[in-house]
Amino acid sequence: MNTATSPTTATTTWNIDPAHSSAEFKVKHMMISHVKGQFAKVTGTLTLDESNLANSRVEALIEAGSLETRDAQRDAHLKSADFFDVEKFPTLSFKSTRINSARDGELAIEGDLTIRSVTRKVVFSAEGPTLPAKDPWGNTRVGASATTKISRKDFGLTWNAALESGGVLVGDEVTITLDVQFVGA
């Protein structure tokens with residue numbers, strides 16, 4: 001009779017807390033400075049395998065119409081068919097395919113990013129998840145931050161305007177930053 005026991009796997013599920021999470025982007029404007037924006041409505045889950053991070057996974061869904069850049073005219077243009085076309089493509093999504101330890105405690109989270117029904121592989125450099133902490137209402141939370149850079153043209157976001165002084169109005173490279181709090185499910 002074999003009395004050896006197999007180790008138990010500590011897998012937990014966490015839901016994104018939309019009130020304490022953000023999905024931000026920045027892109028060059030007129031080739032001289034960055035314009036920043038954010039999507040206010042982010043949902044999703046983290047399935048965390050503490051004994052083997054490679055078995056963990058994360059999924060996020062972003063409501064495209066929740067885009068804000070602090071300028072109503074620019075927001076309307078970004079929501080139009082020239083850019084996100086939010087009526088035709090109401091969500092952006094990310095689904096991890098691989099999570100690996102990187103350097104200095106960071107993680108490399110590889111996955112499929114979908115914008116305007118175009119899916120491309122991206123790798124987020126992530127800090128976290130943090131150690132669990134109890135909030136004042138008895139919920140357990142963890143946090144994480146992740147960043148990647150993409151070419152907006154790779155996702156069909158090709159609208160631009162030439163500048164009289166040379167160059168273009170909107171840069172191609174977009175930095176995406178996610179700051180997320182998760183609540184224990």
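Since the structure is predicted, the reported quantities are computational estimates derived from the model, not experimental observations.

Caption draft 1: Seen up close, the overall build of the protein chain. In terms of helices and strands, the protein chain carries one helix and 12 strands. Element order for the protein chain, N to C, with α for helix and β for strand: β-β-β-β-β-β-α-β-β-β-β-β-β. Every one of the 185 residues in the protein chain was classed for burial, and the buried ones make up 36%.

Caption draft 2: Highlighting the side chain of T175. Here T175 is to be found in strand β12 (residues 170-184). Judged by its relative accessible area of 12%, T175 falls in the buried class. With sequence-adjacent residues up to four places away left out, T175 is seen in contact with E24, F25, K26, T147, T148 and K149.

Caption draft 3: Main features of the environment of V174. Of note, V174 is situated in strand β12. Between the C-alpha atoms of V174 and R152, which are 22 residues apart in sequence, the distance is 6.4 Å. Excluding anything up to four places from it in sequence, V174 contacts F25, K26, V27, T148, K149, I150 and R152.

Caption draft 4: Region of the structure containing the packing of aromatic side chains. Inspection of every chain in the model, using the stated rule, returns three aromatic pairs. Ring plane angle 45 degrees and centroid distance 5.7 Å describe the contact between F25 and F39, whose orientation is recorded as tilted. Remark: F39 occurs in strand β3 (residues 33-39) and F25 occurs in strand β2 (residues 22-29); sequence separation between them is 14 residues. Note on F25: relative accessible area 12%, which makes it buried. Under the relative-accessibility criterion, F39 is labelled buried at 5%. With a centroid separation of 5.1 Å and an interplanar angle of 80 degrees, the aromatic rings of F94 and F124 are classed as edge-to-face.

Caption draft 5: Highlighting the environment of I99. Its place among the elements puts I99 in strand β7 (residues 91-101). For I99, a relative accessible area of 5% gives the class buried. Residues within four places of I99 in sequence aside, it is in contact with L53, A54, S56, R57, L107, A108 and I109.

Caption draft 6: The pattern of salt bridges, seen in detail. One pass over the structure, following the stated rule, counts four salt bridges. Several salt bridges converge on common partners, so that one network encompasses D17, D135 and R141.

Conventions we followed
- Residues numbered from 1 in each chain as written.
- Predicted model: local features only at pLDDT ≥ 70, side-chain atom pairs only at ≥ 80, totals over all residues.
- Heavy atoms only, no water.
- Helix = DSSP H or I, 4+ residues; strand = E, 2+ residues; numbered from the N terminus.
- Buried < 20%, exposed > 50% of the residue type's maximum accessible area, 1.4 Å probe, protein only.
- Contact = heavy atoms within 4.5 Å.
- Phe/Tyr/Trp six-rings, centres within 6.5 Å; stacked < 30°, edge-to-face > 60°.
- Salt bridge = Lys/Arg side-chain N within 4 Å of Asp/Glu carboxyl O.

In short, the description is geometric, and any link to function would need to be established separately.
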